[in-house]
Amino acid sequence: CFNWLRCDFCSLQLEEEEAKSSFDVDVAVTNPEKVGDGMNAYMAYKVSTRSSLSMFKSKAFTVRRRFSDFLGLYEKLSVKQSLHGCIIPPPPEKSVVGMTKMKVGMDDPSSVEFLERRRAALERFLQRVVSHPLLLQDPDVREFLERDDLPRAVNTQTLSGAGFLKMITKASDAVSKMTIKMNESDTWFEDKFQEVEAEEQQLRKLHVVVDSLVNHRKELCVNTAIFAKSMAMLGNSEDSTALSRALSQLAEVEDKMEQLHQEQAASDFFIFAELLADYIRLLAAVRGCFDQRVRSWQRWQEAQSTLQKKREAEAKLLWANKPDKLQQAKEEITEWEARVTQYERDFDRVGMAVRKEVLRFEKEKTKDFKSQIVKYLEAMLQSQQRLIKFWEAFLPEAKAIA
Amino acid sequence: MTSLDDNSKEKLRSVSVDLNNDASLVIDIPDALCERDMVKFTVHTKTTLSSFQKPDFSVPRQHEDFIWLHDTLVETEEYAGLIIPPAPPKPDFESPREKMHKLGEGEASMTKEEYAKMKQELEAEYLAVFKKTVQVHEVFLQRLSSHPVLSKDRNFQIFLEYDQDLSVRRKNAKEMFGGFFKNMVKSADEVLISGIKEVDDFFEQEKTFLLDYFSKIKDSTAKAEKMTRSHKNIADDYIHISATLNAICAEDSVGVEIRGLLEGRVASDQELKLTELLRYYMRDIQAAKDLLYRRARALANYENSNKALDKARLKSRDIPQAEEHQQQCLQKFDRLSESAKKELTSFKGRRVMAFKKNLVEMAELEIKHAKVSLTAHPIKHTV
């Protein structure tokens, strides 16, 4: 059976069905519409949810959201959930150029592409959020999906441009600069972290080449169109009737090829390049999640060191014979002992959560990559089939030259 | 030494047709050696003609020898009424060589596999340039050998037979002709050709057609080259993508399959073929234009001789010489016109057939290639 991928595909579908039955939440982001005029204008997207879960008020509902609403949701989730070692899917980045174009109301191809790119990215962001068992339970998520008018999000300034990645990187650096190094008997975390870093580098490299592919394919479109026109002119100039007709037909075929190249370029970008861009950001989020665990460990260690200091202080007071200060010292020791216990438990819990999250993430990633690549290959396949039809139609014309 | 088997030579030959039909003189280039900047072609001749010393022989020739032959033919008065096959262009390995250099510099930044694949691609490109230059030199000789008049040219025979180095002869030839024909203001030919008062409908039409067609085909050649280059860029991207994917998910079967598919999409010959055809006929049409130019000159000469005769009659001096001169010019012009008409007619037929062959082959290759990549596709489909 050479169709190993088909077999795999079937099991993929089975997995999807299982997932659907337990998570049954479908979100879509569609219909961007311009609201308002001038520099205060913005794009509002339709967010549609379909779910049979009882936590929602109805089975299908729609709200309108703007870009900053999505960023606001991410902010809230980050603050709350990251302490628990959760991997929060990052939203698409702000873009001053793109936004200005939208406000001004340009509808050239690159503006249209920008809008579609953003819409698709917002949709993927939401889909990842709702397919996360923990995040789905978060009331902010429910409010985002259901509430008719959402209070405007503030504090989204930090997420401008490449801000998100910068933020993670800065935090990451700060953590690694901390002098207390973790001494792990279980190397799982360290190994995994290095794996994640390596993979992020690979994806970045791949993204650069795929970007190059997208650009070259766009160049090919332009050059093919120009060539088609030139062929048409040559056909007009040709004085042998049958050859003239064949050359004109060739020009038409090349026009059709240009169309195919355009679609392939879109596929290259929206399916392949954006997948890579998403995962570069997601892997950064995974790194952030590891950092949370390290922070948790720091807190525990610092508490232990504080407890130690308190004990030493108590010993000193015992010598100095100051009874009321001694009482206070004893109270503080109790307090810090409790903290140490708590922080140790927190650390263990975060560790388990991170482990679970990372494994879940890896499963999702494999699924995601497989399904996107299948989509990409399918697009290529269809393109090939159409190509065959074009040339098969041309062949008799070429043969008819006399 | 690089040998070209008959199969690949057959594939390359769609640029010109009806060559090597005459068994009395069969020429091919079975071998060529590439040394640094120079290509040494082995020109092999099989003949039944008694004008040659042996029935089967080979000689080594350089590109400059071909140019010498072409130029002597162009500068031969007798052949003024013929379309002289365009000279083969100089072998140009600049592009793959430059890329090889860049690849060497970038070796450190890529994986071993990537480097190996890129190197393989470049070697294939190098080989393609090599094959192309052999083909174009071969076709030049075959056009000569299949021409009723040119095949009998003495210099052509020398070129085929002379087993010493031709460079001595080449130098002598340069001194003899001084290359003055080429140094003449070539740009004047367009003006001359279009300015002439044409009495013959055939030539009027040919002139209009050739001038217009030349500019169009020149444009098409340039645009085709750009398009082909884009295809090549994409093919190179696929190699890099493939190598990087391999590094990420070597054991992942999806990665392997997508790589296989992507590699199949490497730019293939079809677009290249069309570019080759256009480029060849652009040069051929230039040769046809050169013929028209020579005819226009002959006509101008005849008209001048008429004026000279009138002047002589007026002055009652040197009339017999003037009459003689005028007669010669007229004869020359008539012979040239007759020959040119035949040449241009057969040229048209040849060109149309060559286009047909090339376009059919190109379409068939596109279909075949796409079908192959479909069956190799891992995802089941219904066609």
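Residues numbered from 1 in each chain as written. Chains lettered and ligands numbered in written order. Predicted model: local features only at pLDDT ≥ 70, side-chain atom pairs only at ≥ 80, totals over all residues. Heavy atoms only, no water.

In the nomenclature of an unreviewed UniProt entry, chain B corresponds to Sorting nexin 5 from the organism Nothobranchius furzeri. According to the UniProt record, the Sequence similarities (unreviewed entry) comment for chain B is "Belongs to the sorting nexin family." (UniProt positions renumbered as here; feature names shortened; annotations may be inferred.)

Chain A has the name Sorting nexin-2 in an unreviewed UniProt entry, where Nothobranchius furzeri is given as its organism. UniProt, in its Sequence similarities (unreviewed entry) section for chain A, records the words "Belongs to the sorting nexin family."

Peer 1: Explain the overall build of chain A residue by residue, including any values.
Peer 2: The secondary structure content of chain A amounts to 10 helices and three strands. Out of the 402 residues belonging to chain A, those deemed buried represent 48%. (Helix = DSSP H or I, 4+ residues; strand = E, 2+ residues; numbered from the N terminus. Buried < 20%, exposed > 50% of the residue type's maximum accessible area, 1.4 Å probe, protein only.)

Peer 1: An account of the interface of chain B and chain A is needed here, citing residue identities and associated values.
Peer 2: At the interface, 61 residues of chain B touch 56 residues of chain A. Interface area, chain B with chain A, both sides summed: about 5,400 Å², of which 73% is carbon and sulfur. Our count for the contact surface shared by chain B and chain A stands at five salt bridges. Note that Asp239 of chain A and Arg351 of chain B form a salt bridge whose closest N and O atoms lie 3.8 Å from each other. (Contact = heavy atoms within 4.5 Å. Buried area = accessible area lost by both parts, 1.4 Å probe. Salt bridge = Lys/Arg side-chain N within 4 Å of Asp/Glu carboxyl O.)

Peer 1: Break down unusual backbone geometry for me, citing the residues and quoting the values.
Peer 2: The backbone of Asn31 of chain A shows a phi angle near 45°, a positive value even though the residue is not glycine. With respect to the secondary-structure elements, Asn31 of chain A resides in strand E1 (residues 25-35). Residues other than glycine seldom take positive phi values, yet Ser316 of chain B does so here, at roughly 50°. Note on placement: Ser316 of chain B falls in the loop between helix H11 (269-315) and helix H12 (319-375).

Peer 1: An account of the packing of aromatic side chains is requested, with residue identities and associated values reported.
Peer 2: All names here are of chain B. This structure, assessed with the given rule, holds 20 aromatic pairs over all chains. Ring geometry for Phe66 against Phe140: centres 6.4 Å apart, planes inclined by 55°, an arrangement best described as tilted. Taken together, the residues Phe66 in helix H2 (residues 63-74) and Phe140 in helix H4 (residues 112-145) connect sequence positions 74 residues apart. Considered together, Phe66 and Phe140 belong to a single accessibility category, that of buried residues. Relative to Phe159, the ring of Phe66 has its centre 5.0 Å away and its plane inclined at 70°; by these criteria the two rings are edge-to-face. (Phe/Tyr/Trp six-rings, centres within 6.5 Å; stacked < 30°, edge-to-face > 60°.)

Peer 1: Just give me the short version of the nonpolar core, but keep the residues and values in it.
Peer 2: Counting 99 residues, the largest nonpolar core has Trp391 of chain A together with Ile241, Leu278, Phe355 and Leu359 of chain B as its most contacted members. Considering every element that reaches this core, the biggest residue donor is helix H9 (residues 241-320) of chain A, with 22 residues. Residue contacts for Leu278 of chain B: discarding those within four places in its chain leaves Phe227, Met231 and Leu234 of chain A together with Ile217, Ser220, Thr221, Ala224 and Phe355 of chain B. (Core = buried A, V, L, I, M, F, W, Y, C linked by side-chain atoms within 4.5 Å.)

Peer 1: Could you give me a rundown of the pattern of salt bridges, with the residues and numbers involved?
Peer 2: In this structure the tally under the stated criterion is 55 salt bridges over all chains. Between Glu238 of chain A and Arg351 of chain B there is a salt bridge; the shortest N-O distance is 2.7 Å. Remark: Arg351 of chain B occurs in helix H12 and Glu238 of chain A occurs in the loop between helix H8 (188-237) and H9; the pair is interchain, linking two chains. Glu238 of chain A gets classed as buried once you look at its relative accessible area, which sits at 5%. Accessibility expressed as a relative area gives 1% for Arg351 of chain B, which makes it buried. One salt bridge connects Arg245 of chain A with Glu397 of chain A, and the closest N-O pair in it is separated by 3.5 Å. Here Glu397 of chain A lies in helix H10 (residues 323-399) and Arg245 of chain A lies in helix H9, a separation of 152 residues in the sequence. The network of salt bridges with common partners includes Arg117, Arg124, Arg128, Glu274, Asp278, Arg281 and Asp368 of chain A.

Peer 1: Requested: an account of the sheet that holds strand E2 (residues 42-51) of chain A, with residues and values cited.
Peer 2: Residues and elements named next belong to chain A. If you walk across this open sheet you meet the three strands as E1-E2-E3, and the pairing is antiparallel. Each end of this open sheet is capped by a strand with a single partner; those strands are E1 and strand E3 (60-66). The sheet shows a mean angle of 20° between the axes of neighbouring strands, taken without regard to direction. Summarising the sheet, E1 and E2 pair through nine bridges and their orientation is antiparallel. Pairing of Val35 across the sheet is with Tyr42, part of E2. Its contacts with the sheet put helix H4 (residues 109-130) on E1 and E2, and the angle it makes with E1 is roughly 150°. (Pairing = 2+ DSSP bridges. Axes fitted to C-alpha atoms, helices over the stretch in contact; angles between N-to-C directions.)

Peer 1: How would you summarise the side chain of Arg66 of chain A if you had to cite specific residues and measurements?
Peer 2: All names here are of chain A. Counting through the fold element by element, Arg66 comes out in strand E3. Within the buried set, Arg66 has no salt-bridge partner at all; the shortest N-O distance to an opposite charge, 5.7 Å, is to Asp69. Not counting residues within four places of it along the chain, the set of residues in contact with Arg66 comprises Tyr42, Met43 and Arg152. (Lys, Arg positive; Asp, Glu negative; His and termini not counted.)

Peer 1: Describe in detail helix H5 (residues 154-161) of chain B, supporting the description with residues and values.
Peer 2: All names here are of chain B. Burial analysis of H5 places six of its eight residues in the buried class, the great majority of the element. Within H5, the full set of buried residues consists of Phe156, Gln157, Ile158, Phe159, Leu160 and Glu161. Near the N-terminus of H5, the side chain that reaches the backbone nitrogen of Asn155, with its oxygen 2.9 Å away, is that of Asp153. (Polar contact = N/O pair within 3.5 Å; in protein donor to acceptor, adjacent residues only side chain to side chain.)

Peer 1: Please give an account of the environment of Tyr279 of chain A that cites residues and values.
Peer 2: All names here are of chain A. In this fold, Tyr279 is placed in helix H9. What makes Tyr279 buried here is its relative accessible area of 2%. Along the primary structure Tyr279 and Val350 are separated by 71 residues, whereas in three dimensions their C-alpha atoms are 23 Å apart. If we skip the residues at most four places from it in the chain, Tyr279 touches Arg128, Leu203, Phe361, Glu364, Lys365, Asp368 and Phe369. At a separation of 2.7 Å, a polar atom in the side chain of Tyr279 contacts the side chain of Asp368.

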